[in-house]
Amino acid sequence: MMTVSAVNDMVIRFANVNGTGSASANEMFAKAIFRMGIPVSPKNIFPSNIQGLPTWYEVRVSEQGYLGRRDGVDLLVGVNPQSYAKDIASIKEGGYFVYDSTKRLHDDFIREGVHYIGIPMMQMCMEHYENPRHQQLFKNIVYVGALAALLVIEMEVIQNIIRAQFSRKEKLIPPNFKALDLGYQYAKAHYSCPLDIRLERRDHVGDSIMIDGNAATALGAIYAGATVAAWYPITPSTSVVKAFETYAKKLRTDPETGKKKYAIVQAEDELAAMGMVIGATWNGARAFTATSGPGVSLMSEFIGLAYFAEIPVVLVNVQRGGPSTGMPTRTQQSDILSSAYASHGDTKHVLLFPSTPAECFEMSATAFDLADQLQTPIIMMSDLDLGMNSHMSPPLKWNDVRKYDLGKVLSADELEKIEKYGRYLDVDDDGICYRTIPGTHPTKGSFFTRGTSRDEYARYSEDSDVYERIVDRLAKKWETTKSYIPAPELFQQSNQNERGIIFFGTSSYAALEAMDLLKQKGIVLDAMRIKAFPFNSTVADFVDSHEEVFVIEQNRDKQFRALLVNELEVSPKKLTPILNYGGMPITADAIIQQIMKKLPATAPLISTNNHKSKTL
Amino acid sequence: MTFVKPAFRHPGLPKNKIGFRKADYEGAISTLCAGCGHDSISGAIIQACYEMGVEPHKLAKLSGIGCSSKTPTYFLGNSHGFNSVHGRMPSIATGANMANRDLIYLGVSGDGDTASIGLGQFCHVLRRNLNMMYIVMNNGCYGLTKGQDSATADLGSVSKAGSVNPFEPIDLVGLSLELGASFVARSFSGDKTQLVPLIKAAMSHPGFALLDVLSPCVTFNNNNGSTKSYDFVRDHIEATSTVDYVPEKDEITIDYEEGTSSSVVMHDGSLIQLSKLSPHWNPTNRDSAVNRLQEAKAKGEILTGLLYIDPKSKDLHKILDTVEQPLNSLREKDLMPGQQALDKINASFR
Ligand SMILES: Cc1ncc(C[n+]2csc(CCOP(=O)(O)OP(=O)(O)O)c2C)c(N)n1
Ligand code: SF4
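All figures in this text were calculated on a predicted structure; none of them were measured in a lab.

Enquirer: Would you mind going over the overall build of chain B in detail, with residue names and values included?
Expert: Secondary structure assignment for chain B yields 12 helices and 11 strands. Dimensions of chain B along its principal axes, counting C-alpha atoms only, are 75 × 50 × 50 Å. Within chain B, the fraction of its 350 residues that count as buried is 58%. By sequence separation, contacts in chain B at least 24 residues apart represent 70% of the contacts at least 6 residues apart. Approximately 14100 Å² of chain B is accessible, and the part contributed by carbon and sulfur atoms is 53%. The average position of the 33 basic charges and that of the 36 acidic charges among the side chains of chain B differ by 7 Å.

Take a look at the structure:
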């Protein structure tokens with residue numbers, strides 16, 4: 001029988017039942033590999049339900065540092081009989097099925113071409129632990145122990161993780177060690193260890209960290225000086241504000257008085273959450289909210305107000321599967337258009353597209369500067385994959401001399417020098433006006449904020465000329481915006497290639513891997529990663545200089561492509577969509593297959609030597 | 001169109017204790033219909049702020065959408081104003097207050113704005129006891145969209161077009177008492193003597209202060225059969241007590257006559273003096289307020305005055321335990337933990 005065989009290159013999947021405490025064991029497994037210096041990329045695949053349903057955890061191990069998802073499971077740990085059939089079917093030819101052999105496996109589950117590794121997990125736990133909850137919990141540690149033997153994970157590394165995890169409940173360390181050992185010894189005694197797929201210590205992770213995008217985003221908000229957060233719970237964005245609260249508690253509590261230098265309100269709904277953000281920033285604090293698709297729909301009326309009345313807003317949109325309640329625990333990039341054009345009338349909004357946790361941190365911090373500088377909503381377009389999964393990432397960095405850029409805010413002294421202040425006067429001819437914060441000056445600088453048309457002095461007006469002056473100035477501000485926001489990243493521009501690819505956000509992991517693999521087939525593509533909307537002229541140039549550009553995105557309706565066509569007036573014919581919208585993160589394989597299908601048989605296989613693949 | 005008032009002020013006009021003239025509390029000329037109750041309420045706000053010696057720029061005025069919500073333009077021209085979207089002023093006020101606890105927050109809303117589209121936000125801002133004065137200019141109808149019934153229109157009330165309202169009203173005062181508001185009062189736009197002291201008391205109350213002010217819409221709801229017309233309200237009004245507000249800074253001398261008057265001491269030492277019209281009226285007893293309100297309803301009376309006050313009210317900042325310094329004044333040195341802290345955080349993720 002065929003056997004999968006590889007060192008430091010595999011996909012391991014755990015099939016568990018939601019609510020059985022498997023998550024921490026699975027994370028322990030991924031972290032141990034990471035600590036052995038091998039790049040690893042774990043993903044939670046979980047149901048929109050709290051308890052009892054099948055849940056999966058998938059770990060991709062890649063010595064080359066490919067951190068996107070990869071199809072095909074090399075080894076599956078199945079402890080949920082409910083999903084056995086589907087799980088066993090997902091294993092690659094020659095792969096392994098590690099299962100709880102306390103009960104005999106039914107013949108229906110025996111598949112040709114799969115190696116079966118039975119470990120009597122429950123039985124061992126029943127023998128060694130009395131408390132039924134412990135029997136359940138330690139079963140998870142038993143399989144981690146077995147994997148340590150089968151794949152060669154350094155025992156000491158796992159033990160250190162356990163020690164750290166239970167540093168406050170030391171009593172629990174010995175029984176964890178015991179469970180680990182039970183699994184380890186059983187596997188050693190009954191199977192030839194290691195398997196043909198196995199791990200070897202490397203030095204490929206450097207000073208990287210493993211962090212999820214939502215925590216990194218929250219830290220960005222902390223470092224940017226956000227003091228007000230208002231939110232309404234929704235998967236997958238909830239942990240943004242929760243992490244913000246955790247760090248604020250640690251880092252922002254006045255040591256003398258114990259009082260908080262921040263205020264967080266769980267609003268009654270997303271409408272109110274956005275209203276609170278607007279009220280707070282209007283009043284000169286840095287404020288933000290985090291939500292997902294349905295929340296953006298509810299916030300739209302207010303987003304339009306913030307755009308028109310020119311109020312800074314930071315909104316983190318952690319996208320999930322839509323439309324409507326769609327697939328709330330699956331990932332997509334399908335709020336592109338509803339975010340870019342949120343609200344009625346002629347509105348458009350600045351979008352930021354982070355690809356990695358480090359970028360979540362940096363972009364989140366930058367979003368607050370941008371919101372203040374541009375006095376407009378800034379929407380950070382994260383997604384479930386980035387937000388809720390741990391990713392290997394460069395460490396977070398902050399420049400201690402960095403100051404908050406509060407944009408054009410007039411102080412009392414500055415107001416004193418101005419003869420007649422006008423809130424909506426375009427003094428600098430860049431479309432961005434000067435604002436004042438309530439309470440600044442006794443007689444100067446007050447103005448009326450409203451969502452209705454008004455003149456340069458913030459006085460209500462329905463005059464056509466006055467209205468056109470505002471909306472034209474907002475269009476000018478939109479042009480100015482292009483020089484403020486992060487520029488696209490070019491991975492190669494040879495100008496010899498006929499084809500290029502454009503991608504953004506979490507598709508980048510798979511896109512970069514696909515580029516590498518295509519190169520091995522002799523197909524070299526110029527590539528551009530877009531980091532923000534509005535698009536600057538380099539995007540149009542990139543499209544212009546290629547005959548065909550593949551646009552990779554994770555939604556059905558080619559929303560990003562539509563945005564390119566609409567905003568750049570490039571020919572739709574040049575933009576070939578490469579899509580993925582099943583709710584699972586896109587894979588390099590899916591990209592390659594779609595590109596190959598679209599290449600004519602005679603496609604020239606241009607090869608250039610200046611291609612440098614980059615990791616994110 | 002905003003009309004500009006002449007800037008000339010007679011130098012001999014009296015000034016209040018902080019040196020402002022009454023005109024300094026005015027705003028643009030109103031564009032509401034002549035005789036609209038809302039304008040009288042604006043007048044009462046101007047009067048109260050002038051008498052209290054409020055620094056105009058230390059007050060933020062916020063509203064939703066509606067004729068009533070337009071009024072902040074017509075008073076306190078030196079205050080920042082925010083005319084938000086329909087029904088959602090409470091959340092804007094909440095955010096503003098979170099950012100700077102030091103300003104006085106005055107919310108103005110209509111009965112449509114509050115009791116229909118904004119009912120959710122109203123309940124929640126009240127529940128959080130945000131330190132603000134929330135005035136509902138209640139005319140039982142939608143003025144700005146031309147006279148449709150609002151959710152506060154009484155059952156059986158007849159609109160200008162002659163249709164009879166088939167639904168029970170939402171009584172914002174009853175609702176507020178029920179939801180636990182820490183200050184609940186009702187008044188009538190035509191009764192400035194009662195309204196001005198109530199506004200002053202509401203402003204110095206540290207928490208959410210509801211003022212439901214009946215304010216007839218002369219254009220769409222001042223007809224026979226309407227229960228929010230001037231004549232109907234005048235005929236059915238029943239005051240719990242007449243109120244006098246005595247600010248902390250003045251020397252407080254109470255003209256106290258056993259059995260006719262009592263007073264409530266506010267958090268800052270100010271007094272609300274009540275001359276009891278109705279016997280045994282105690283504005284610090286929520287239950288008796290609820291009962292009395294029910295009685296009045298059964299009798300077809302409109303109960304006005306200060307119905308309830310909790311002198312120990314704790315506002316949102318107290319509940320959240322935030323620093324005394326306004327959050328919007330905190331800067332890098334207060335807020336930014338620096339790379340060193342980040343190094344530790346990075347280490348926790350290895
Ligand atoms: C979302 C939304 N829906 C509807 C409207 C239209 N609208 C404007 S004012 C108003 C009602 C105002 O009634 P009320 O709050 O009682 O104020 P009044 O004009 O009577 O003072 C309505 C429905 C709107 N502006 N926004
Ligand atoms: S329509 Fe009614 S509420 Fe509106 S301004 Fe006229 S009288 Fe006042």
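Still more to cover.
Enquirer: Which residues make up the site of ligand 1, and what values go with them?
Expert: Near ligand 1 there are 18 residues, and of these C67(B), S68(B), G112(B), D113(B) and G143(B) occur at the shortest range. Residues within reach of ligand 1 are spread across chains A and B. Take N139(B): an N or O atom from its side chain is 3.0 Å from an oxygen atom of ligand 1. Across the complex, the protein chains shield 76% of the 590 Å² of accessible surface that ligand 1 would expose by itself. Counting residues per element, the ones that place at least two in the shell around ligand 1 are α2 (67-70) and α4 (111-115) of chain B. It is α4(B) that contributes the most residues to the shell around ligand 1, 3 residues altogether. Classifying every residue of the shell around ligand 1 gives 6 nonpolar, 9 polar and 3 charged.

Enquirer: How would you sum up the packing of helix α1 (residues 37-52) of chain B against helix α7 (residues 192-204) of chain B? Please name residues and give values.
Expert: Residue and element names in this part refer to chain B. Between α1 and α7, the shortest axis-to-axis distance is 9 Å and the interhelical angle comes to 55°. Judged by the angle between their axes, α1 and α7 are oblique. Of the two possible hands of crossing, α1 and α7 adopt the one that is right-handed. Along its contact with α1, which presents I41, G43, A44, I45, Q47, A48, C49, E51 and M52, the element α7 presents K192, L195, V196, I199, K200 and M203. Considering only residue class, the contact of α1 with α7 consists of 10 nonpolar, 2 polar and 3 charged.

Enquirer: With reference to specific residues and values, describe the sheet that holds strand β7 (residues 115-119) of chain A.
Expert: Residues and elements named next belong to chain A. Read from one edge to the other, the open sheet built from 6 strands follows the order β3-β4-β2-β5-β6-β7, with strand pairing classed as mixed. The outermost strands of the open sheet, each flanked by one partner alone, are β3 (40-45) and β7. Between one strand axis and the next, the sheet turns through 15° on average, direction left out of account. Where strand β2 (residues 9-17) meets strand β4 (residues 54-62), 9 bridges bridge the pair, whose relative direction is antiparallel. If you follow D9 over to β4, its bridge partner there is S62. Sitting on the sheet, helix α3 (residues 121-128) touches β6 (91-100) and β7, and the angle it makes with β6 is about 25°.

Enquirer: Give a description of the site of ligand 2 that names residues and reports values.
Expert: The full set of residues close to ligand 2 is L32(B), C33(B), C36(B), H38(B), C67(B), N139(B), G143(B), C217(B), V218(B), T219(B) and F220(B). Among the residues forming the shell around ligand 2, the class breakdown is 7 nonpolar, 4 polar and no charged.

Enquirer: Talk me through the side chain of R60(A); I want residue IDs and the actual numbers.
Expert: All names here are of chain A. Among the structural elements, R60 can be located in strand β4. R60 sits in the buried class, given a relative accessible area of 5%. Among the polar contacts listed, one links the side chain of R60 to the backbone oxygen of G68, at a separation of 3.1 Å.

Enquirer: Give me the lowdown on the interface of chain B and chain A, citing residues and values where you can.
Expert: The figure often quoted for interface size is the accessible area lost as the parts come together. Across the contact, 58 residues belong to chain B and 71 residues belong to chain A. The junction of chain B with chain A conceals about 5500 Å² of combined surface from both sides, 62% of it contributed by carbon and sulfur atoms. When residues of chain B are sorted by the area they lose upon contact with chain A, H80(B), F349(B) and R350(B) head the list and together hold 14% of the total. Remark: the boundary between chain B and chain A carries 3 salt bridges. R88(B) is the partner of E301(A) in a salt bridge, and the nearest nitrogen-oxygen pair spans 3.2 Å. Between chain B and chain A we count 31 residue pairs in polar contact (both at pLDDT 80 or more) in total. Across the side of chain B that touches chain A, the residue classes break down as 24 nonpolar, 24 polar and 10 charged. By the bridge criterion, 3 bridges tie strand β17 (residues 448-450) of chain A to strand β2 (residues 80-83) of chain B in an arrangement that is parallel. Among the inter-strand pairings, F448(A) is bridged to a residue of β2(B), identified as G81(B).

Enquirer: Go over the packing of aromatic side chains with me, naming the residues and quoting the values.
Expert: Under the defined criterion, the tally for this structure stands at 30 aromatic pairs over all chains. Pairing F504(A) with F560(A) gives two aromatic rings, centres 4.0 Å apart and planes at 15°, and the pair type is stacked. With F504(A) in the loop between β19 (499-503) and α16 (507-520) and F560(A) in helix α18 (residues 559-568), this pair connects stretches of sequence that are 56 residues apart. Taking relative accessible area as the criterion, F504(A) reaches 1% and is therefore assigned buried. The interplanar angle of 70° and the centroid separation of 6.0 Å between the aromatic rings of F20(B) and Y25(B) together place this pair among those described as edge-to-face. Residue classification places F20(B) among the buried positions, given a relative accessible area of 16%. Among the residues examined, Y25(B) registers a relative accessible area of 0% and is labelled buried. Connected via pairs of aromatic rings, a cluster forms that spans F353(A), W478(A), F504(A), F533(A), F535(A) and F560(A). It is R454(A) that lies over the ring of Y424(A); its NZ or CZ is 4.0 Å from the centre.

Enquirer: With reference to specific residues and values, describe the packing of helix α4 (residues 132-152) of chain A against helix α6 (residues 173-190) of chain A.
Expert: Residues and elements named next belong to chain A. Remark: α4 packs on α6, axes separated minimally by 6 Å, with the N-to-C direction vectors making an angle of 45°. Classified by the interaxial angle, the pair formed by α4 and α6 is oblique. Crossing of α4 against α6: the hand is right-handed. For the pair formed by α4 and α6, the contact residues are F138, I141, V142, V144, G145, A146, A148, A149 and L150 on the first element and P175, N176, A179, L180, G183, Y184, A187 and K188 on the second.

Enquirer: Can you break down the sheet that holds strand β11 (residues 263-266) of chain A residue by residue, with the values?
Expert: Residues and elements named next belong to chain A. Read across the open sheet, the 7 strands follow the order β11-β10-β12-β13-β15-β14-β21; overall the sheet is mixed. The sheet is open, and its two borders are formed by β11 and β21 (532-533), each paired with just one other strand. Bridging between strand β13 (residues 313-319) and strand β15 (residues 377-383) involves 7 bridges; their strand directions are parallel. The residue of β15 that forms the bridge with Q319 is D383.

Cut-off values and rules
- Residues numbered from 1 in each chain as written.
- Chains lettered and ligands numbered in written order.
- Predicted model: local features only at pLDDT ≥ 70, side-chain atom pairs only at ≥ 80, totals over all residues.
- Heavy atoms only, no water.
- Helix = DSSP H or I, 4+ residues; strand = E, 2+ residues; numbered from the N terminus.
- Buried < 20%, exposed > 50% of the residue type's maximum accessible area, 1.4 Å probe, protein only.
- Contact = heavy atoms within 4.5 Å.
- Areas by Shrake-Rupley, 256 points an atom, 1.4 Å probe, with all protein chains shown as cover.
- Lys, Arg positive; Asp, Glu negative; His and termini not counted.
- Charge placed at Lys NZ, Arg CZ, Asp CG, Glu CD.
- Near = heavy atom within 4 Å.
- Polar contact = N/O pair within 3.5 Å; in protein donor to acceptor, adjacent residues only side chain to side chain.
- Nonpolar A, V, L, I, M, F, W, Y, C, P; charged D, E, K, R; others polar.
- Axes fitted to C-alpha atoms, helices over the stretch in contact; angles between N-to-C directions.
- Parallel < 35°, antiparallel > 145°, perpendicular 65-115°, else oblique.
- Left-handed = near helix turned anticlockwise from the far one by under 90°.
- Pairing = 2+ DSSP bridges.
- Buried area = accessible area lost by both parts, 1.4 Å probe.
- Salt bridge = Lys/Arg side-chain N within 4 Å of Asp/Glu carboxyl O.
- Phe/Tyr/Trp six-rings, centres within 6.5 Å; stacked < 30°, edge-to-face > 60°.
- Lys NZ or Arg CZ within 6 Å of the ring centre and 35° of its normal.

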